[in-house]
Every structure is written in C-alpha cells, then in structure tokens.
There are 4 protein chains.
Amino acid sequence: MRSGRVEAFSDGVLAILITIMVLELHPPAGTGLEDLRHLGPVFACYVLSFVNLGIYWNNHHHLLQATERVNGLILWANLHLLFWLSLFPFITSWMGERSFARVPVATYGVVSLLAAIAYYLLQTAIVREHGLDSQLAAALGSDLKGKASPALYLAGILISPVSRWVTLGLYVAVSVMWLVPDRRLAPLAEHDAPRPDADAGPS
Amino acid sequence: MRSGRVEAFSDGVLAILITIMVLELHPPAGTGLEDLRHLGPVFACYVLSFVNLGIYWNNHHHLLQATERVNGLILWANLHLLFWLSLFPFITSWMGERSFARVPVATYGVVSLLAAIAYYLLQTAIVREHGLDSQLAAALGSDLKGKASPALYLAGILISPVSRWVTLGLYVAVSVMWLVPDRRLAPLAEHDAPRPDADAGPS
Amino acid sequence: MRSGRVEAFSDGVLAILITIMVLELHPPAGTGLEDLRHLGPVFACYVLSFVNLGIYWNNHHHLLQATERVNGLILWANLHLLFWLSLFPFITSWMGERSFARVPVATYGVVSLLAAIAYYLLQTAIVREHGLDSQLAAALGSDLKGKASPALYLAGILISPVSRWVTLGLYVAVSVMWLVPDRRLAPLAEHDAPRPDADAGPS
Amino acid sequence: MRSGRVEAFSDGVLAILITIMVLELHPPAGTGLEDLRHLGPVFACYVLSFVNLGIYWNNHHHLLQATERVNGLILWANLHLLFWLSLFPFITSWMGERSFARVPVATYGVVSLLAAIAYYLLQTAIVREHGLDSQLAAALGSDLKGKASPALYLAGILISPVSRWVTLGLYVAVSVMWLVPDRRLAPLAEHDAPRPDADAGPS
C-alpha cells in the first residue's frame, strides 16, 4: 500500500489541529491593552502547542518521506498518534485559561508523553516493515531525541506537584530540542524526491 | 472520471470531522482531578467516534484504491455517506454530555446505522460500475462484516429502552470487529500501486 | 499556471465549509425525543445547505477538470465564489435557529443568488481563457440551468414577504434541478483523465 | 526536499483559516433587517481578512511554484508565517465585535505587520537557497510592494491613537495594492508547469 494517502490524511488532520486551536483564543470582552495582557497565559500556551504540532508535522513529514510502503499496523499506529495529537487543542485551552494550574499542567505533560510514545510506536512499526538493516533504520540510528522526549515529559509530570515552572521549563526544553530539524532522515528523502536540477548530490 | 478527487475530498471531510469533534471536549471550569473525571463520558464517546471515523477512513481508503472509475451515482453515494458521518460530532457530543441517556444513545445508533447503510450503498454502486465479475466484487466476497454491522446497530437501537449498557456494548463490538483492517481489498490495492521495490508480489 | 492547486485549495475550503456547518447543530440540553424534534428546522436547513455545497463541489469539480490553465482573473473569480459559499454556515444557522423567519429566509436567497452569480462569472472567466470555440464552451452550450438558478433565487427573494414557504420551495427546486450531475462536461473530463482500462470510449 | 508537501500543508492551513473565520460571524438573535445591519462591522472585518488571506494564498502559491527545493530553514520560516496568519480569526473577530475600537484596530495592524515581515523572511530564505543570481531572485526584483506593506502597516499602527479611520484606510490600501496578482513570478511558474497545449509561450 502506498504511503501517499496516509501522508495526505495526516497532513490534513495536523493542519486542522494547528489551526482550530485559535478558536480557543477568544477575543476579550474589553478593548484595552490590559485585556490583551490578560490573554498572556492563553497565548503562551498557544505558541507552545503551535510549535509542538509544527515539530510533529515536520518529523512526520520526514519519517513518511522515507517510508516506502505501509501496512495495516502502520495505519493504526498513525491514527493512534493522531488521536493523542487531537487532544492538544483541549489541553492547550485548559492550561491557558486556568493560568498554568497544577493539574492542567500535568495533564499537558501526560498527553505530550502519550503522543511521544505513539510517535515512537509508529516509527517502530515502519522500521519493522522495512527491516532492521534498511536505510531507514540506519538513518534513525540510536534515536537519542526520540528516547529523551518521553523521559523529559515524565520528569515534568512527576515534578509538577513541586514546581509547575520547572515542569513548564522541561516542556519548553523538549520543544527547543526538536526545533532543530531531524537531519538523519533528510538524505533519505532526497533520494526519493526527483529534483529539477538533478545533478548528482551526495547521499 | 478519475477517483482521485473523490478520495481527496472525502479524506478532507473525514480529517475535519475526526478533528473538530475535539471542539466539543470543552475544558472544565475547575482545575482539579475530579474535573477531569467528570469528563469521563464525553471522553469515552470521543474515543468511540474517533475509532469509528478512523475505521471509515481506513475502509473508504481501501475501497477507493480498488476503484478504477467513478460516475455520477458514485459521487452522490459518497456524499450521502459523508452526510451521515458528518453528524458524528453532533451525536458524540449529545451522548457524552448527557452521560449516555437513553434517547441520545439510541440516536447514536440510528446515525451509525444510516452511515453503515450508506457505506453499503456506495460499495454497491462501485461494484455495479465495475461489473459483478470484476476483481473488486470477487474481493468483497460475501461481505459478512458489512452485513453484520447494520444488524448489530439495529439490535442496539431496539435494546436501548431495556438496557443502554447492552446497546453501548453492541456499538463497541461493531468497532472492535472492524478494527481488523479489511484484508479482502488489500491485494487489489497492491496491484494498482507502484511500489519502489517492485518485485512481483503475490496477488 | 496549472489548475491543480486551485482545485486542491477549493476542495479544501468546500470540505471545511460542508463540515463545520455541523458545529452549528448544537446538541439539545434535554434528552427526550421532543428535544430532537425541536431541532427539525435547524436540521432541515443543514440538509439543504449540505446538498447545495455538495452540488457546488460536484459542478466545480467538473468545471475545473475541463480547465486546462488558469490566470489571475480566474484565481480571483474562484476566491469570489468561495467567499459567498463561506457564508453558508452563517445563513444556514440563522435560518434554522430562527425557524424560517422572513428576513433570514430572504438572506439565504441573497447569498445563494450571489454564489450562483459568482459561479457564472468563474465559468465565464474560464471560457474566455480557453476561447469561445473551445471544447469547454461547446460543452457548456446554452447553460440553461446556470441561467435558471439566479432567476429562481431572485424570484424566491421577491416572494419572501408574501410567503416564506413558496420561497423555500423555490430554493429546494433549484437544488433538485442540480442534483442531476452536469453531463455536459463529463465527456471532456474523460478525455483528460487516463483510465486504467483505456479502451476508446465515445466522447 | 520537495516543496510539494509544504505547499499542501500551507494550502490546508490557509483554507482552514479563511473558512473558520466564518464561525465568528454569529447569527443574530433577532430576525429583522436591523439585526443584519448591526453585523456591519463584523462583516466588513470578515471581508477584509478574507481578502488578505486570499492574497497570501495567491502570493504563497506563486512563490512556492517558483521554488525548486526547500530546506529546514524554509520549513520553519513557512510555519512562522502560518503562525501569524493563524491569528487572523482572532483579531478579525475582536476588531469587528468591538466596532473598530482603538486597541483592536492597532492589534490588527501589529499582526498584519508581523505576517508581512514573516512573508519577507520566507521569501529571503527561499532566495538564499536558490542563489542571488537565480531566476527567482531576478523575478522578485526590487520587491517594492513587499517593502511598502510593512511600512504602511507600521504607519497605520502609529496613526491609530490619532485616527482609527485613517489607520483602517491604510490597511485597505495595502489589500488593494496586492489585489493585482504578483506578475513577477508568473513567468517562472509557467516554465515549471507542463501545459497541455505546449506551444512555446513567451517567458
């Protein structure tokens, strides 16, 4: 089965998720600058989740570009990932509107943790389909970032009863860590994609 | 007429439906764990409908991949299916917010039943266009699951005045039954799709 | 310029419009059958607009399939059409929630009229780009339905102060008239689309 | 890396943004013509933002059609642009519902300014990847409109404490200025796109 429609469907869901989050950014009732300032926490959460979903789109893009074929397990692993990502508008809004209260902050971590695990499972299902000695498996290598993310989210959740700000710092740290694009898979993607200026590039 | 744009439009509608359902998951006013617990029924309904729409996407994906051409009847049979699916956010929200009250539970079954019938009609319209002795018709075979689903939904609706929990059990049973991907059409899809590693696979 | 991305963007907007209308179908506060019955007018409007947007998608699909190239004018004529179509969730909700009150019913007609005119302008811009003696122009022919729709909507608006039910009957009549797919452009589309079973079909 | 999926994702986000804005157009509680008239400011803002997002889609379309390859920087420059554009439903709704109050009007300008800067950064990142002596760089030329827009938005923000109507006039002026499609990039796009009637056109 081709990976094209899985990409298209996932892109659709991710594009909608990243966009409908703004519907939770309710325009203030007042018209002053201080009304904007009250939106601070909601806006900060919006930025964090926008970046996180952007990272997922980016990495998902690279992962599926390096994927040659999909099977039933991959389809469901992908839907499983989309399920946890679909909760981002909900937790973003809750954490923002309740000004970083303890339980919403921890819940944000739980959803982020489950999304990170779901991404790992998807990646594993794809690698299994392509073989452990495939180019894809080699390109992923030890996958340090993929293993560090769940650990950092778990640490954040555990720390949340003590200090919400350390927890939030950990969430931001994960996002910053991923903002650097996943260079491991880029060469594989270049292989597959026909380029208009097709001089032989290094692989 | 090509089936490509029908696929793209249906994917778009399904991606939006599966995603906007989360807008009905309103963040609680409180910030405690018990506020999350109150969301239980709404969340359970969200999971059920997410899985159901995922199943429809999956099966629709396989069905259209095996479809070579579409006609006007197929276009409208497809829109008819999308219409009933479009009511899922509405019934999911009603059933969840009213904590599985009798009438919402029965209504969920009615919409599910009509969607299942619409899928069957779409499938029939596609088979008719391709001929009863086509590969597609052969692959669908006796279509046991396609016939069992409406029967189970109908049973669920009729039982709902007696016990809502048996009804919900039947709804869940249908979803579990379909979670196994539709293996009948997979070989056909493989035929059509060019694979990068094009060694001759078994059909 | 290729027509592919115009199709993709328009499909996206139409898929979203047809889907977010359901967000205006608010789940009732009660849990009885009579609560569902109160939703009658809202639901009837939803069905009407779903069918209307489905017709626009269908005809837009055929029109752009027969379009070989687009220019700046066509791009803006297309956005102009999408603008009026984007008001359907608004007027659908207004007409439904106010139980077919006079002004909402007339407004529904105004938006439908302007959308029909915008479609006609888009079609004219495409025909002008391809030449009046092109296959497309010949296939459109006298375009009876395209000319009857605005006339019927205009009649509906003018009649609305006298009888809203005649007005609504005219709206439904236009939809029924268009439910028959536009056979004029189908042969052109078949020409462009490569078919797997490429026996020479009649044009 | 191909630009195809960046186009598809951006198209998706833009299609959703331009469409969900209508969800902020709440149907009035009344059913009279004067209820529609009260919607005037909200509707005017909707039109302005619809046109602005249409312009962005149009220019983005031309820019990416002339883009041969993307890198990580371009991906993030693109997401940065989408971030600011994603705030349009929020500011449109705030400015409209508060009837063009001073701070909302200035905020509209700030978001528009930041989106214009983000577009400029995206364009710069793409030109850098393709080389300053590329066709793309030559086609963009001095980019007068690209430089005038931020200046006009900045002027609008600064003038807003004095006269909101001059500010709004400047916003409208920018939109009108861009309504003329970006002819500089059109020839490049024609080069890339295979045309069915491939007679040699002027470049």
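Residues numbered from 1 in each chain as written. Chains lettered and ligands numbered in written order. Predicted model: local features only at pLDDT ≥ 70, side-chain atom pairs only at ≥ 80, totals over all residues. Heavy atoms only, no water.

1. Brief notes about unusual backbone geometry
Consideration 1: Despite not being glycine, Ser99(B) has its phi angle at roughly 50 degrees, a positive value.
Consideration 2: For Ser99(B), a relative accessible area of 42% translates into the label partly exposed.
Consideration 3: A positive phi angle is found at Phe100(D), which is not glycine, with a value near 60 degrees.
Consideration 4: The residue Phe100(D) is located in the loop between α5 (88–97) and α6 (102–130) in this model. (Buried < 20%, exposed > 50% of the residue type's maximum accessible area, 1.4 Å probe, protein only. Helix = DSSP H or I, 4+ residues; strand = E, 2+ residues; numbered from the N terminus.)

2. What about the environment of Leu79(B)?
Consideration 1: As for its placement among the helices and strands, Leu79(B) is situated in helix α4 (residues 72–85).
Consideration 2: Between the alpha carbons of Leu79(B) and Ala101(B) there is a distance of 30 Å; along the sequence they are 22 residues apart.
Consideration 3: Residues within four places of Leu79(B) in sequence aside, it is in contact with Phe9(B), Ile18(C), Phe50(C), Gly54(C) and Trp57(C). (Contact = heavy atoms within 4.5 Å.)

3. Focus on helix α3 (residues 40–65) of chain C
Consideration 1: Here α3(C) contains 26 residues, and its C-alpha end-to-end distance of 37 Å stays within 8% of the 38 Å for a straight helix at 1.5 Å per residue.
Consideration 2: With respect to burial, α3(C) is a largely interior element, 20 of its 26 residues being buried. (Expected span 1.5 Å × (residues − 1).)

4. Thoughts on the packing of α3(C) against helix α9 (residues 164–179) of chain C
Residue and element names in this part refer to chain C.
Consideration 1: Where α3 contacts α9, the axes come no closer than 10 Å and their chain directions differ by 40 degrees. The chirality of how α3 crosses α9 is left-handed. On α9, the residues that touch Leu48, Val51, Asn52, Ile55 and Asn59 of α3 are Tyr171, Val172, Ser175, Trp178 and Leu179.
Consideration 2: Residue composition of the contact of α3 with α9, grouped by class: seven nonpolar, three polar and no charged. (Axes fitted to C-alpha atoms, helices over the stretch in contact; angles between N-to-C directions. Left-handed = near helix turned anticlockwise from the far one by under 90°. Nonpolar A, V, L, I, M, F, W, Y, C, P; charged D, E, K, R; others polar.)

5. Structural notes on the nonpolar core
Consideration 1: Grouped together as the largest cluster of nonpolar side chains are 256 residues, with contacts concentrated most on Phe9(A), Leu85(A), Phe9(B), Leu85(B), Leu85(C), Phe9(D) and Leu85(D).
Consideration 2: Residues in contact with Phe9(B), not counting those within four places in the same chain, are Leu79(B), Leu82(B), Asp11(C), Leu14(C), Ala15(C), Ile18(C) and Trp57(C). (Core = buried A, V, L, I, M, F, W, Y, C linked by side-chain atoms within 4.5 Å.)

6. Points about the interface of chain A and chain D
Consideration 1: Listed as interface residues are 42 residues of chain A and, on the opposing side, 31 residues of chain D.
Consideration 2: For the pair chain A and chain D, the two sides together bury roughly 3,300 Å², of which 73% comes from carbon and sulfur.
Consideration 3: A per-residue breakdown of the area chain A buries against chain D is headed by Pro27(A), Thr31(A) and Trp57(A), which together make up 17% of the total.
Consideration 4: Summed over the shared surface of chain A and chain D, the result is five residue pairs in polar contact (both at pLDDT 80 or more).
Consideration 5: With 14 residues, helix α3 (residues 40–65) of chain A is the largest single contributor of residues to the side of chain A that touches chain D.
Consideration 6: Here the residues of the side of chain A that touches chain D sort into 26 nonpolar, 11 polar and five charged. (Buried area = accessible area lost by both parts, 1.4 Å probe. Polar contact = N/O pair within 3.5 Å; in protein donor to acceptor, adjacent residues only side chain to side chain.)

7. Considering the relation of the copies chain A and chain B
Note: a rotation about an axis with an accompanying shift along it relates these two copies of the chain.
Consideration 1: Superposing chain A onto chain B takes a rotation of 90 degrees combined with a translation of 0.0 Å along the rotation axis, leaving an RMSD of 0.0 Å. Given the turn and translation reported, the copies of this chain are related as if by a four-fold rotation axis. (Least-squares fit on C-alpha atoms with pLDDT ≥ 70 in both.)

8. Section: the confidence of the model for chain A
All names here are of chain A.
Consideration 1: Averaged over chain A, the pLDDT score is 85; the fraction of residues at 70 or greater is 88%.
Consideration 2: The lowest-confidence element of chain A is helix α10 (residues 186–192), averaging 48 in pLDDT; the highest-confidence one is helix α5 (residues 88–97), averaging 95.
Consideration 3: Between residues 189–203, whose pLDDT stays under 50, and residues either more than four places distant or in other chains, the model counts 14 contacts. (pLDDT = per-residue confidence, 0-100.)

9. Let's talk about the relation of the copies chain A and chain D
Consideration 1: With an axial shift of 0.0 Å and an RMSD of 0.0 Å, the rotation relating chain A to chain D amounts to 90 degrees.
Consideration 2: Little of the interface of chain A is mirrored in chain D, where only 5% of its interface residues are also at the interface.

10. What about α5(A)?
Consideration 1: Burial runs high along α5(A): nine of the 10 residues are buried.
Consideration 2: If you check which residues of α5(A) are buried, you get Phe88(A), Pro89(A), Phe90(A), Ile91(A), Thr92(A), Ser93(A), Trp94(A), Met95(A) and Gly96(A).
Consideration 3: The inward-facing, buried residues of α5(A) contact α1 (4–20), α3, α4 (72–86), α6 (102–130) and α9 (164–179) of chain A together with α2 (33–38) of chain B.
Consideration 4: Positive phi shows up at Ser99(A), right after α5(A), with a value of about 50 degrees.

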